[in-house]
Amino acid sequence: MTSRVAELSEAQKKEISELFGEYVNLDKRERHYYNHDMGALPSLVKKVIGNTNPAAVVKIRTEEDAVKLLKFANRHKIPVVPRAGASSGYGGVIPTKGGIVADVTPLNKIISVDPERQKAVVQSGIIWEKLERKLKEKGLSLQAIPSSAPSSTVGGWLSQSGAGYGSYEFGWGHESMEKARVVLPTGEIREFSGPELKKLIGTMGTIGIITEITLKVQKFEERKAVSASFPSASALKNAVEDIKRKNIPLWSISFLNPEWADMKNKAPRKLHYEEVVDKNRPMLPVSYVSTFMYPASRDVSGLKEAIEGAGGTILPEEIAKYETDEWFKSMKVKRLGPSFIPAEVLVPLEKMDKAFEEMGKKIKLPVLTEGMVINDGYVVLLCFMRHSERSVLFNTAFALSLSILKIAEDNGGRAYASGIFFASKRKSVFGERLAEIEALRKEIDPNGIMNPETLEGRGLLNTAVSMGSTFEPFGRIIGNMSGIGKVSFKDEKEIPAEVAELAYSCSQCGYCVSECDQYYGRGWESQSPRGKWFFIKEYLAGREKLDQRQTNTFLGCTTCQMCDSRCELDMPIEDAWMTMRKKLVIEEKKMTFPPFEIMAASLLKERNIWANYRKDRDKWIPDDIRAKMKDKADYAYFAGCTASFVEKDVAVGAVRMLDDAGVEFTGLFDKESCCGIPMLVAGRWDVFEKTMRMNIANMKKKGVKTVITSCPACWLMWHTVYPQWAKKLGIEYGLEAKHYSEVLAERLDVLKPKFKQPLDKVVTWHDSCHIGRAGGNVYEPPRELLKAIPGIKFKELEYNRERAHCCGSVVSLIAEPPVAYKLGNMRLQEALDVKADIVAALCPCCVFQFRVAAKENNLDIEVQDLGALVARSLGYNLPDSTAYTLESWAPFEKMIALMQPENMTELMVELMPQMMAAMPAPLQAMMKMVKYVPGMDALMKPMMPIMMPKLMPSVMPKVMPDMLKAVERKVPMPDYMREQLPELMPKAMDNLMPNMLPELIPLLTPRMIEYIKTH
Ligand SMILES: Cc1cc2nc3c(=O)[nH]c(=O)nc-3n(C[C@H](O)[C@H](O)[C@H](O)COP(=O)(O)OP(=O)(O)OC[C@H]3O[C@@H](n4cnc5c(N)ncnc54)[C@H](O)[C@@H]3O)c2cc1C
Ligand code: SF4
Ligand code: SF4
């Protein structure tokens, strides 16, 4: 077997970097995110396992990648741990011996689908949920699907083995699989099918990297569901047995025990901006609640009789609907944990009631149980006991999971899976297959590089589990005394109590990972919501540091709220990052993204973020419209910064449409200020509040009742965030907000006859997050407006409405333009896939981002604003703003690049003579000694981090005039920006320097020493 590999050698690092380029990560802090699976382990077990950080993480994008990686690892005898959704909890993705984590999630393509033969060939890393959606488009459906479908993968289920929905009809997940292609540790590719396939099932990445799987699928058919309550486990068992006897053709049978149903009723409500979303959530009876699913066309007439004959009661349809709508949210109740002690067992159906009875008698902690019935006469029981992983009692309470296993074994059952924790149970899990699997591993993996320790476990852990099983009654007594009361959280270090609570509640299921644009724009776990929750727990445990790098991770979220819509625990995730922004930037004085500081200075000075003049803000208003605009009116049009200064066609289009539709409105003209959202996401809540107060006061002076916006972010502020803040700050609000599309969709009858110009183009629609998922689900009004344009051929993007992907602006564009270009490219590719000529959107920032991304990626696609398209069709001559958009971006792009530590260092090196001259005379003399006194440079190195922060406040103002000249040389900019820079730059620098210096000093010090020595 291989030995532990905590770090690769320098030569190995070089070699692997050459092999995988940007797809290998050697960064120590990033690797830390790949050291665990979804299970929370007791501290004693953690101690036994020791350090589990891998030495590298590699993204496997192709089968050739897998071959390259395994050949490399085999040659150097480095352990390799395949990792897919990481939604399993048996330690299969934990690198107990370090080595390389092979992330197979990029292997996510569908290779072929054969509707005739009902077969699909897929890459192993494809997520079940996505596969099911794609199959549905072809009139097909999966035979069985795990309840972790939004994050788990096809390869993961074959490797981990399990049952799920549909197992009542189709059996274990692997029974739907026919063939698998595997890259073996030597790099050889082997296909496993027929009896050979059995050697792969449940082997948890110990045979090789599975790259492709052939699945049996079925014809798609809508399903129906019936939910019923049963007074006891026996009644439920009797009903299932009757159903089996009568061959009632169900697809799936799943159930909850009374403890689970009770907790589900008590689970926190889903909130959106502090408002309850799921107001009409039905209450479950506190009993055994079972849900029976079947294809709609099937005759299940005996079902009612079977349920009622066993003493069950059929529940209202809304419960069946709720239970099936939430079928992938099985761990929702974990919010009440915050931690869970799991025990997953298999028991024969005929003994299920007995197992429940024994659990009731022997286990004193409430055991929440979810069950699934399999067609082989067994039932999977997923049992959880609530606890707190931070309590010492977590260690002793864990013994109860062995007690549940013992109860299952006593009743003819076994552990659901083995893995590193239950390796001592592997004989009962694998049965006679174990010998074949072990022989195969010896043959193909003589160096033992594939996921070592996963099947055989580790000595001390195996002994502990064996002893725990032997002395189970003793462990149970202690375990039963290890319950805890309600767990409360308090503010701790820099983490507010409510954020800490969410971090411990997060089940680490990973539903939020693949669809988070911060994650898929960068590709590494630290950037995902799951990763951020992991970070917070690690930070609180003293194993991570909350520095500027981590602050940037919190700031880097685009606020798209995809995570909120995907979270199985309905956690308000994005809101937590918002709280962290304020906490870190305002209270902890960490740095926000540097361009935000320039924007803040511009906003405070001129009320806009584009470093433009306030007096020019309303110049876009056409004269004829200005003449019609009232001083006071019920409606006001609020243009926002980007439409006022950059994409003026957005604002002009909006007012033209409103005017044509007969809407009378006023505006704030040059008194309009930025809505403030950039400051909210920058963490500069102080500037946001000022801005908001000013806007509300000005709007009220105009007697306005409804604010109409064109920008979704402005809409979100006026519609949702301002009222929320106003309430907290005691400001009387009394305003409502609408997007122009909402106003106009109601007046289409007035507008439609006025369309003059047809638009004979294929147009697709990008749903902007801030008015869709993150706002108020305004999906249909803009579509109605767009489709009203004569001649248009409308096409939906693959990801639309609730599931629409973010454009990648604004935060990504400001923080890391290359990431924004990548995200923009991905969304524009969707438009190209549907062969669109034009991507239309209603957000000036999305339009801006797409135009920039189209240029950067050389994509031949037009990006237009909805209002501008409609207004042109109404016969108005609105010049295209694309060229001006790109022109406006250029200085910002250069400024962002300039603010990167490496470039700021260069700028300071350029200004070195001025900096030296600005220093106090004695210090200058001391520094000169570096040139003459040997060893002085070594002394200077540790001095710099102490000296520079003290010196900068006096040096900076003296250097500023030259700095401004240098910036002007490097960043060609329009006059209005150049004229204002002398005022904006010093303010921005004052705020940035304290946090920028720690990043600059290590780069600057050697350059400074070099300068002194050579001058
Ligand atoms: C909310 C929730 C619900 C769940 N419901 C179910 C359920 O209904 N039924 C069920 O059985 N389980 C369930 N699970 C557990 C888990 O989702 C499954 O075990 C799932 O199949 C794991 O898939 P994964 O892609 O996340 O694999 P991972 O967790 O990433 O990996 C699991 C094992 O497979 C190996 N592996 C993964 N991909 C490959 C590959 N391509 N080649 C070689 N080895 C590989 C890994 O090394 C590891 O040992 C649930 C989990 C959660 C969080
Ligand atoms: S809001 Fe969007 S970008 Fe931010 S963490 Fe959630 S999914 Fe990722
Ligand atoms: S945040 Fe929600 S979806 Fe994401 S890992 Fe945690 S529980 Fe799962």
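Details of the structure are given in the entry above.
Residues numbered from 1 in each chain as written. Chains lettered and ligands numbered in written order. Predicted model: local features only at pLDDT ≥ 70, side-chain atom pairs only at ≥ 80, totals over all residues. Heavy atoms only, no water.

Student: So what exactly am I meant to see when it comes to the site of ligand 1 here?
Tutor: Taken together, 37 residues are adjacent to ligand 1, and P82, S87, S88, A163 and Y416 come closest. For ligand 1, a nitrogen atom lies 2.6 Å from a polar atom in the backbone of A163. Protein burial of ligand 1: of its 960 Å² of free accessible surface, 96% is covered by the chains. Those elements that provide at least two residues to the shell around ligand 1 are β3 (80-83), α6 (154-160) and β10 (209-219). Ranked by the residues each element gives to the shell around ligand 1, the list is headed by α6, at five residues. (Near = heavy atom within 4 Å. Polar contact = N/O pair within 3.5 Å; in protein donor to acceptor, adjacent residues only side chain to side chain. Areas by Shrake-Rupley, 256 points an atom, 1.4 Å probe, with all protein chains shown as cover. Helix = DSSP H or I, 4+ residues; strand = E, 2+ residues; numbered from the N terminus.)

Student: Would you explain the sheet that holds strand β4 (residues 100-103) in this entry?
Tutor: Backbone hydrogen bonds hold the strands of a sheet together, and the pairing may be parallel or antiparallel. Here we have four strands laid out as an open sheet, ordered β1-β2-β4-β3, and mixed in their pairing. Each end of this open sheet is capped by a strand with a single partner; those strands are β1 (24-25) and β3. Pairing of strand β2 (residues 56-59) with β4 involves four bridges; the strand directions are parallel. Residue pairing in the sheet places A56 in a bridge with I100 of β4. (Pairing = 2+ DSSP bridges.)

Student: Any chance you could explain empty space enclosed by the protein here in plain terms?
Tutor: The gaps of empty space that remain are located by a probe, the size of a water molecule, rolled over the atoms. This model, assessed by the stated rule, comprises nine cavities of 30 Å³ or more. As for the largest cavity, its lining consists of 38 residues, of which I677, A713, S809, V810 and C845 are closest to the centre. At the level of secondary structure, the elements contributing two or more residues to the lining of the largest cavity comprise α25 (594-606), α27 (641-645), α29 (677-682), α31 (712-729), α36 (811-815), α38 (844-856) and α40 (882-898). With four residues, the single largest contributor to the lining of the largest cavity is α38. Empty space within the second largest cavity amounts to approximately 160 Å³. Lining the second largest cavity are 17 residues, and of these Y165, S254, L256, E323 and E370 sit closest to its centre. (1 Å grid on protein atoms, 1.4 Å probe; cavity = no way out; pocket = protein on both sides within 12 Å on 5 of 7 lines; lining within 4 Å. Points joined across faces, edges and corners; volume = space filled by probe spheres on them.)

Student: Just checking my understanding: could you explain the packing of helix α1 (residues 10-20) against helix α4 (residues 63-76) for this structure?
Tutor: Geometrically, a packed helix pair is captured by the angle between its two axes and the distance between the axes. Their axes nearest at 11 Å, the elements α1 and α4 cross at an angle of 170°. Between α1 and α4, the angle falls in the class roughly antiparallel. Residues Q12, E15, I16, L19 and F20 of α1 pack against D65, K68, L69, F72, R75 and H76 of α4. Its residues assigned to classes, the contact of α1 with α4 shows five nonpolar, two polar and four charged. (Axes fitted to C-alpha atoms, helices over the stretch in contact; angles between N-to-C directions. Parallel < 35°, antiparallel > 145°, perpendicular 65-115°, else oblique. Contact = heavy atoms within 4.5 Å. Nonpolar A, V, L, I, M, F, W, Y, C, P; charged D, E, K, R; others polar.)

Student: Sorry if this is basic, but what is going on with the sheet that holds strand β26 (residues 793-795) here?
Tutor: Taking strand neighbours across the sheet as the criterion, the four strands line up as β26-β25-β27-β28 in an open arrangement whose pairing is parallel. Only two strands of the sheet have a single neighbouring strand rather than two, namely β26 and β28 (862-865). Each neighbouring strand pair of the sheet contributes to a mean axis angle of 35°, computed without reference to strand direction. In terms of strand pairing, strand β25 (residues 762-765) meets strand β27 (residues 838-841) through three bridges, oriented parallel. Note on β27: the bridge partner recorded for W765 is A840. Lying over the sheet, α38 contacts β27 and β28, oriented at roughly 165° with respect to β28.

Student: So what exactly am I meant to see when it comes to the environment of N247 here?
Tutor: Tracing the backbone shows N247 in the loop between α8 (233-245) and β12 (252-256). In the structure, N247 is positioned 55 residues away from G302 in sequence and 9.2 Å away in space, judged by C-alpha atoms.

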